[in-house]
Amino acid sequence: MFCNVAPRPRNAEATRAAILQAATHRFSRESYDDVGMRDIAGDVGVDAALISRYFGSKEDLFIAVLNSSGDKSWITEIDRADFGNRMAHEAIYKEKDQGKLEHMLILLRSIGSTKAAELVQRNSQQCFFSPFESWLGGDDAPIRARLAAGFMMGMSIGGELSADDLTDDQCAEMHRRMAKILQDIIDGPKVSLAA
């Protein structure tokens, strides 16, 4: 007599998270054009059709990976007068994060792919730059948003790649300088009242 054993139920949320993590690893190590849905499916041990069911196309999965790097809206929830200080503290004192480094690698690898670069630019504009520009306000908001983002990303990459060999005093001085630069970018040019 044969026993009919029902297949073990799949935990949809855990499977989705595993697919997202495998895709993040793949996209951080290989270019967008070289990563296939079957590769990611093989990493997770699922059928490629399941990835399509959870995420849709490869483009949709890539966007999900980009958006999984955390909620960026908190940046615009910081008190405007404390923006430079908070972001400098984040860049200088926060523990190194492998996940953050993977997402930076994905952004850097995307430059070499026309499709990935287009997706990154569109997603960055929609999810980061547009809200950030609205929060900044003013005619020069797109300029200030790009200056601040470029400076923060550069400091973030530098922090991930550098050795932790600065003294406490050096870290404090770097924090002071970075906070001032960022705050000056956020506040915009000072308008002279003198005619």
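Residues numbered from 1 in each chain as written. Predicted model: local features only at pLDDT ≥ 70, side-chain atom pairs only at ≥ 80, totals over all residues. Heavy atoms only, no water.

Participant: Any chance you could break down the overall build of the protein for me, citing the residues and the numbers?
Facilitator: Check the secondary structure of the protein and you find nine helices and zero strands. Traced from its N-terminal end to its C-terminal end, the protein shows the element sequence α-α-α-α-α-α-α-α-α. Surface exposure of the protein reaches about 12,200 Å², of which carbon and sulfur atoms provide 55%. (Helix = DSSP H or I, 4+ residues; strand = E, 2+ residues; numbered from the N terminus. Areas by Shrake-Rupley, 256 points an atom, 1.4 Å probe, with all protein chains shown as cover.)

Participant: Lay out the nonpolar core in plain terms, naming residues and giving numbers.
Facilitator: If you look at the biggest cluster of nonpolar residues, it comprises 24 residues, and the most contacted ones within it are Ile19, Phe27, Ile40, Ile51, Phe55, Leu61 and Phe62. Elements with a contribution of two residues or more to this core: helix 1 (12-29), helix 2 (37-44), helix 3 (48-55), helix 4 (58-67) and helix 7 (114-136). Isoleucine 51 has contacts with Ile19, Met37, Ile40, Ala41, Val46, Gly56 and Leu61, leaving out every residue within four places of it along the chain. (Core = buried A, V, L, I, M, F, W, Y, C linked by side-chain atoms within 4.5 Å. Buried < 20%, exposed > 50% of the residue type's maximum accessible area, 1.4 Å probe, protein only. Contact = heavy atoms within 4.5 Å.)

Participant: How would you summarise helix 7 if you had to cite specific residues and measurements?
Facilitator: Of all the bends in helix 7, the largest measures some 45° and sits at glutamine 125. Among the residues of helix 7, those classed as buried are Ala116, Ala117, Leu119, Val120, Asn123, Phe128, Phe129, Phe132, Glu133, Trp135 and Leu136. Looking at the residues trailing helix 7, positive phi occurs at glycine 137, about 70°. (Bend = angle between axes of the 7 residues up to and from the residue.)

Participant: A description of the packing of helix 1 against helix 3 should follow, citing residues and the corresponding values.
Facilitator: Across the interface, helix 1 lies against helix 3 with an axial gap of 11 Å and an inter-helix angle of 100°. In terms of orientation, helix 1 lies roughly perpendicular with respect to helix 3. Between helix 1 and helix 3, the residues in contact are Ala12, Thr15, Arg16, Ile19 and Leu20 and Leu50, Ile51, Tyr54 and Phe55, respectively. Tallied by class, residues from the contact of helix 1 with helix 3 come to seven nonpolar, one polar and one charged. (Axes fitted to C-alpha atoms, helices over the stretch in contact; angles between N-to-C directions. Parallel < 35°, antiparallel > 145°, perpendicular 65-115°, else oblique. Nonpolar A, V, L, I, M, F, W, Y, C, P; charged D, E, K, R; others polar.)

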